[in-house]
Amino acid sequence: MTDMVTYELEDGIAVITVANPPVNALGHAVRKGLWDAIDRFNAEPEAKAALILGAGKIFLGGADISEFGKPPKDPWLPEVCNHIEAATKPVVCAIQGAALGGGLEVALGCHYRVALKGAKLGLPEVNLGIIPGAGGTQRTPRVIGVKAALEIIPAGGTVSAERAVEMGLADRLATGDPRAAGLAFAQELVAEGAAPRPVGQMPCPDHDAEALAEARALWSKKNRGEVARLASIDAVEAATRLEIMPGLEEERRIFSEMMDTPQRAGLIHAFFIERKTAKIPEIAGVDPRPVARIGVIGGGTMGAGIATAALTRGLDVTLIERDDASADKARATIAKNLDGAVKRGKLGAAQKDAILSDTFRTATGYDALSDSDLAIEAVFEDMDVKKAVFAELDRVMKPGAILATNTSYLDVNEIAASTSRPADVIGLHFFSPAHVMKLLEVVVADKTANDVTATAFALAKTLGKTAVRAGVCDGFIGNRILAKYRAAADRMVLQGASPYQVDRAIKAFGWPMGPYEMGDLAGLDIGYMTRKRKAATRDPRDIVPSWADALYDLGRLGQKTGRGYYIYEEGTRGGKEDPEVEELVAKARAEAGIDPRDFTDDEIQRRYMAALVNEAADVVEEGIAHRPLDVDVTFLYGYGFPRFRGGPMHWADHVGLAGLLSDIEDYAQEDDFFWQPSALLKRLVQDNATFASLNDKG
Ligand code: NAD
């Protein structure tokens, strides 16, 4: 045994307890301890059955991530699971809190399983680009069948204790103390003279062709381009034809193959960086201001979403609208959002009623915000309208309250300067739909107080969102970079690519949507308004997509009008390509005197990504983003960047910055206004360094 695993005999039951706080991860000392404990149990005639427990709040965690990439030390987890399974007397485990990844694989190595209410069981490995590697893919389908195993493994999600029992993944449900529940089960088994029940000796599960095909179709669509989810399905399928030992070998072969993919590196990067965005020097050790009551001004698309997010997380919300009719409309939207939360099991029906009657109210006058701790403005994107709102907020809000704007582009310094308390003003840029999207850009203005920034990060946590610090510029981190790669797409269209080819190529890269589909979804009026806003300051060398203006003039604003770049017919999903759009584009090319040329999908992806990364490098260089990882998180959580690529900056490091720079320099030969290599990119290439080297900045 080791310090982390104890063995005691209680009424003929060997109680083996793992204590490796905080999550009982399966590091080497734990694996060795379990191995030795099973040896002792086998050798001790007084021990009639064994019970494996995890001390503390959770049963067993997964693999010890700190051992990733290091040479494995015996015994490996797969061997430990086999060793437990081979015990000569029954082995029971009692699962409280969580059995995830390796934790569940150990549980499946046991002969019998009790799950305590509230426990979550799952195999999340695919989320990190690998597959379960200690028998999870072979034992799970033997216990619950192929169809149910496919509900768990490629999804990388968890199931509740209740569902686990329903599926047969656990034998019984219990409440209270895991030790007592496990001992009771073990004693019953001893009294019945129950034999060990090794999962590996169970027959191969039936080959469920339909379930396998369904899972493959689902995961190739849902997480397009990701290899591990599909590979996990292959591993489950292997269980239907291979005995346990060759099955485990096949699992190991696939596991090792996944360990070497760039996707695994990307997914691990994505996993770790999310935890780092709140580590910024200006808020280290700074106490946030308390926030319990918030005001939301404007109850349109964003305001209603923000209010929903806050209400479902227990905050008190007062929403201000222009008139009663708009307030009622906002209330109806929020009620509908809350209904959705009830349907998805995120909120109880009674809780919803209580929110609508007690913690949520609407008003048309600002005095209703006099006791709010924080207000978030989400009115029209117009500086004068916003300034008028901030004048009111400045008038009514109590000292120390925070005044936030959800503006997408406007100058937060200018808004702050229009109040008498610029230190209390900050940008809180939510993404649509605000009650769903995880990203919150915290836009720190020149005079924003540090404890206001700290409060924004604390609020994000309350709302279940990931906050990224951004500086003030047109579009902050995300929308500024978006504007650049959108413009790169328009340039390619003008030169000869069709918008549909661009969308297809971008989706083939792994983005959920291409730029033109995205435009249709958001509404083509948004781009039009932005072009209008920027018209006065536009450089004459910049190009304007005149076909997009033509679509606007025709009232084709995208999905909401049934027609934009695509034609949306009722009852059909997605849009149909529109030859009239191609005609409008052809006209724009003719007017610009451009002889259209062909683009390969590869070139489209390269130019799109080069524009993104180059602008992102400027954003980091200017301090708008604190580190490259902040750009990565912004794109993963706000723009649907394919997670398996880790984020655009991680992707850039992976493909090589020198190659990217050389592409940009080539593009600059034809257009040195649009393509100006970023100084940071040039410096990194010169120093043979990576974006990752800048991520350690606190
Ligand atoms: P919207 O038009 O859907 O809603 C604006 C709401 O504000 C309307 O309900 C309107 O009645 C109300 N309003 C206008 N003036 C008001 C005033 N003086 N007092 C009270 N209420 C007033 O707009 P939206 O899409 O929700 O955008 C709101 C803000 O959020 C804008 O600044 C926008 O740039 C930003 N934003 C939008 C998105 C998006 O995807 N829609 C994403 C992020 C940020």
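Since this is a predicted model, take the numbers as computed values, not measurements. (Residues numbered from 1 in each chain as written. Predicted model: local features only at pLDDT ≥ 70, side-chain atom pairs only at ≥ 80, totals over all residues.)

A few points about the overall build of the protein
Here is the rule: Each helix is a run of DSSP H or I of at least 4 residues and each strand a run of E of at least 2, with the numbering of both proceeding from the N terminus. When we talk radius of gyration, it's over C-alpha atoms, and the globule rule is simply 2.2 Å times the number of residues to the 0.38. We call two residues in contact if the C-beta atoms placed from their backbones are at most 7 Å apart.
Per the secondary structure count, the protein includes 28 helices and 19 strands. For 698 residues, the compact-globule estimate of 2.2 N^0.38 gives 26 Å, and the C-alpha radius of gyration of the protein, at 29 Å, lies within 12% of that figure. In terms of its C-alpha atoms, the protein occupies a principal-axis envelope of roughly 90 × 60 × 55 Å. Counting only contacts in the protein whose residues sit at least 6 apart along the sequence, the fraction spanning at least 24 positions is 73%.

Quick word on the pairing of strand β17 (residues 466-470)
Threshold: Put plainly, a residue is buried at 20 or more neighbouring C-beta atoms within 10 Å of its own, exposed at 12 or fewer, and partly exposed in between, counting only other residues' C-beta atoms, which are placed from the backbone. Only when DSSP finds a minimum of two bridges between them are two strands counted as paired.
Among the five residues of β17, five are classified as buried, and the element is accordingly described as predominantly covered. Here β17 shows a buried face lined by Thr 466, Val 468 and Ala 470 and a second buried face lined by Ala 467 and Arg 469. Pairing geometry for strand β16 (residues 439-443) and β17, over five bridges, is parallel. Residue Glu 441 lies in a different strand from β17, and its bridge partner there is Val 468.

Some thoughts on the site of the ligand
Just so we agree on the cut-off: Residue proximity rests on one test: whether the C-beta atom, placed from the backbone, lies within 6 Å of the molecule or strand. Each residue gets one label: Ala, Val, Leu, Ile, Met, Phe, Trp, Tyr, Cys and Pro are nonpolar, Asp, Glu, Lys and Arg are charged, and the others, such as Gly, are polar.
In the region of the ligand, 23 residues are neighbours, and Gly 298, Gly 300, Met 302, Ser 408 and Ser 432 sit closest. Looking at which element gives the most residues to the shell around the ligand, the answer is helix α12 (residues 301-312), with three residues. Residues of the shell around the ligand, tallied by class, amount to 10 nonpolar, 10 polar and three charged.

A closer look at the UniProt feature "domain: 3-hydroxyacyl-CoA dehydrogenase NAD binding" (unreviewed entry) in the protein
Note the threshold: UniProt positions are given in the numbering used here, feature names are shortened, and annotations may be inferred rather than shown by experiment.
Per the UniProt record, "domain: 3-hydroxyacyl-CoA dehydrogenase NAD binding" (unreviewed entry) is found at residues 294-470. Helix and strand shares over residues 294-470 are 43% and 21% respectively, and the end C-alpha atoms of the span are 22 Å apart.

Here we look at the packing of helix α3 (residues 102-109) against helix α4 (residues 136-144)
Heads up, the condition is: With axes taken as lines fitted to C-alpha atoms, and helix axes fitted only over the stretch in contact, angles between N-to-C directions fall between 0 and 180 degrees. Oblique is the label for any angle not covered by the other classes, which are roughly parallel (under 35 degrees), roughly antiparallel (over 145) and roughly perpendicular (65 to 115). For a crossing to be left-handed, the near helix must be turned anticlockwise from the far one by less than a right angle; the clockwise case is right-handed.
It is at 10 Å that the axes of α3 and α4 come closest, and there the two elements cross at 55°. Taken as axis vectors, α3 and α4 run oblique relative to one another. As α3 packs across α4, the resulting crossing turns out to be left-handed. Residues Leu 104, Glu 105 and Leu 108 of α3 lie in contact with α4, whose contacting residues are Gly 136, Arg 139, Thr 140 and Val 143. Partitioned by chemical class, the residues of the contact of α3 with α4 number three nonpolar, two polar and two charged.

Some points on the domain arrangement of the protein
By a frequent convention, interface size equals the accessible area lost on bringing the separate parts together. Short version of the rule: Segment limits for the domains were obtained from an automatic or database-derived domain assignment.
Taken domain by domain, the protein holds domain 1 (5-260), domain 2 (291-470) and domain 3 (512-596). On a C-alpha basis, the centres of domain 1 and domain 2 stand 44 Å from each other.

Some details on the nonpolar core
Our working definition: Defined on buried residues, the nonpolar core groups Ala, Val, Leu, Ile, Met, Phe, Trp, Tyr and Cys residues joined through C-beta atoms within 7 Å.
Within the largest apolar cluster, 214 residues are counted, with the highest numbers of intra-cluster contacts made by Ala 50, Leu 51, Val 92, Ile 95, Ala 375, Ile 426 and Val 442. Per-element accounting of this core gives the leading share, 11 residues, to helix α24 (residues 601-621). Aside from chain neighbours lying at most four places away, what touches Leu 51 is Ile 13, Val 15, Ile 16, Val 92, Ala 94, Gly 182, Leu 183 and Ala 186.

Let's talk about the UniProt feature "domain: 3-hydroxyacyl-CoA dehydrogenase C-terminal" (unreviewed entry) in the protein
The UniProt entry lists residues 475-568 and 606-688 under the feature "domain: 3-hydroxyacyl-CoA dehydrogenase C-terminal" (unreviewed entry), expressed in the numbering used here. Spanning residues 475-568, this segment combines 60% helix with 2% strand, and its end C-alpha atoms are found 29 Å apart. For residues 606-688, the helix share is 69%, the strand share is 0%, and the end-to-end C-alpha distance is 21 Å.

Observations concerning the confidence of the model for the protein
This is how the line gets drawn: Each residue carries a pLDDT value, the predictor's own confidence for that position, ranging from 0 to 100.
Per-residue pLDDT for the protein averages 96, and the proportion of residues at 70 or more is 100%. Scoring the predicted complex yields pTM 0.92 and, for the interface, ipTM 0.99.

A few points about unusual backbone geometry
In this structure, the amide linkage connecting Asp 74 to the following residue, Pro 75, adopts the cis form with an omega of -10°. By the secondary structure assignment, Pro 75 is in the loop between β3 (49-54) and α2 (77-85). The peptide bond linking Ser 432 to Pro 433 adopts the cis configuration, its omega dihedral lying at -5°. Turning to its location among the elements, Pro 433 is positioned in the loop between β15 (425-430) and β16. The residue Asn 24 is not glycine, and still its phi comes out positive at about 55°. You can see Asn 24 is positioned in the loop between β2 (13-18) and α1 (28-43). We note that Phe 476 has phi near 55°; this positive angle belongs to a residue other than glycine. Tracing the sequence through the fold places Phe 476 in the loop between β17 and α18 (478-495). For Phe 476, a count of 27 C-beta atoms within 10 Å puts it in the buried group.

A look at the sheet that holds strand β7 (residues 120-122)
Taken in spatial order, the three strands line up as β5-β7-β8 in an open sheet, and their pairing is mixed. Two strands in the sheet have a free side with no partner beyond their single neighbour: β5 (98-100) and β8 (158-160). Across this sheet, the average inter-strand angle for adjacent strands is 20°, counted without regard to direction. Sheet topology places β5 next to β7; three bridges connect them, and they run parallel. Looking at the pairing, Ala 99 lines up with Leu 121 of β7. Packed on one face of the sheet, α3 meets β5 and β7 and runs near 95° to β5.

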